[in-house]
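Letter by letter, the chains look like this.
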Amino acid sequence: MKYHDYHLDSYEVFDSGESITFNLVYGYSGEETDKSTIKFKGVSLYHIINTSGAIITDIEEVSLESLLSEVSNEITEWNRMYRIRYWKSDLASYVLHLQSNSFKAWEITSAIGFYGFIIAKEISSD
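Remember, predicted model here, so these are calculated numbers, not experimental data.

Trainee: How should the packing of aromatic side chains be read in this particular structure?
Mentor: In this description, an aromatic ring pair is defined by two values, namely the gap between the centres and the angle between the planes. Enumeration according to the criterion identifies eight aromatic pairs in this entry. Ring geometry for Y6 and Y26: centres 5.2 Å apart, planes at 45°, overall tilted. With Y6 in strand β1 (residues 6–14) and Y26 in strand β2 (residues 19–26), this residue pair connects regions lying 20 residues apart in the sequence. The class for Y26 is partly exposed, based on a relative accessible area of 27%. These aromatic residues form a ring-pair network of at least three members: Y11, F22, F40, W106 and F114.

Trainee: What's the story with the nonpolar core in this structure? I'm lost.
Mentor: Across soluble globular proteins, nonpolar side chains show a tendency to be buried alongside one another. With 18 residues, the main nonpolar core has F22, L24, F40, I59, I108, F114 and I118 as its most contacted residues. Those elements giving two or more residues to this core turn out to be β1, β2, β3 (34–41), β5 (55–62), β6 (104–110) and β7 (115–120). It is β2 that contributes the most residues to this core, three residues altogether. Leave out the neighbours within four places in its chain, and F40 touches E18, S19, I20, F22, I59, W106, I108, I118, A120, E122 and I123.

Trainee: Would you mind going over unusual backbone geometry with me for this structure?
Mentor: Generally, phi is negative for residues other than glycine and the peptide bonds are trans, each holding for most cases. Positive phi values are uncommon outside glycine, yet Y86 reaches one of about 75°. On the secondary structure map, Y86 appears in the loop between α2 (72–82) and α3 (91–100). Phi at S102 takes a positive value of approximately 65°, unusual for a residue other than glycine. Relative to the elements of secondary structure, S102 occurs in the loop between α3 and β6. Judged by relative accessible area, S102 falls into the exposed class, the value being 51%.

Trainee: Explain the sheet that holds β6 here, please?
Mentor: Within a sheet, each strand pairs with its neighbour through backbone hydrogen bonds, oriented either parallel or antiparallel. Spatially, eight strands are ordered β4-β7-β6-β5-β1-β2-β3-β8 in an open sheet, and the strand pairing comes out antiparallel. Across the chains shown, the open sheet's two edge strands, defined by having one partner strand only, are β4 (45–49) and β8 (122–125). Strand after strand, the sheet turns through a mean of 25° between neighbouring axes, direction not considered. Both β1 and β2 contribute to a ladder of seven bridges, which runs antiparallel. Residue pairing in the sheet places Y11 in a bridge with F22 of β2.

Reading the values: rules and limits
- Residues numbered from 1 in each chain as written.
- Predicted model: local features only at pLDDT ≥ 70, side-chain atom pairs only at ≥ 80, totals over all residues.
- Heavy atoms only, no water.
- Phe/Tyr/Trp six-rings, centres within 6.5 Å; stacked < 30°, edge-to-face > 60°.
- Helix = DSSP H or I, 4+ residues; strand = E, 2+ residues; numbered from the N terminus.
- Buried < 20%, exposed > 50% of the residue type's maximum accessible area, 1.4 Å probe, protein only.
- Core = buried A, V, L, I, M, F, W, Y, C linked by side-chain atoms within 4.5 Å.
- Contact = heavy atoms within 4.5 Å.
- Pairing = 2+ DSSP bridges.
- Axes fitted to C-alpha atoms, helices over the stretch in contact; angles between N-to-C directions.

So, in structure tokens, the structure goes:
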């Protein structure tokens, strides 16, 4: 999977939020441009901020429980406002459902302000 130091050209959300594609580009003046596509499928939840000018430094699989614990207050509010897929009644039951259905969590970081996480069943690249 090629992503380190690649610029985020765009990202696309498909299938009512269940698929997300990151379109990445690596190219500097005088160098050949290389493209990379990272796809997440079976998405349960995602949060992406500050996409402008992002240079991706890492896409790291992290503990589902730890990630959700860190953003528990936000998730409760997001569910109230937008209704989160697979949310039952509380964070503990949400985590249990995701774990028992083979969901994984990835944090995506950048050198310039971008941050995101995606909870999905799989990740692949072209």
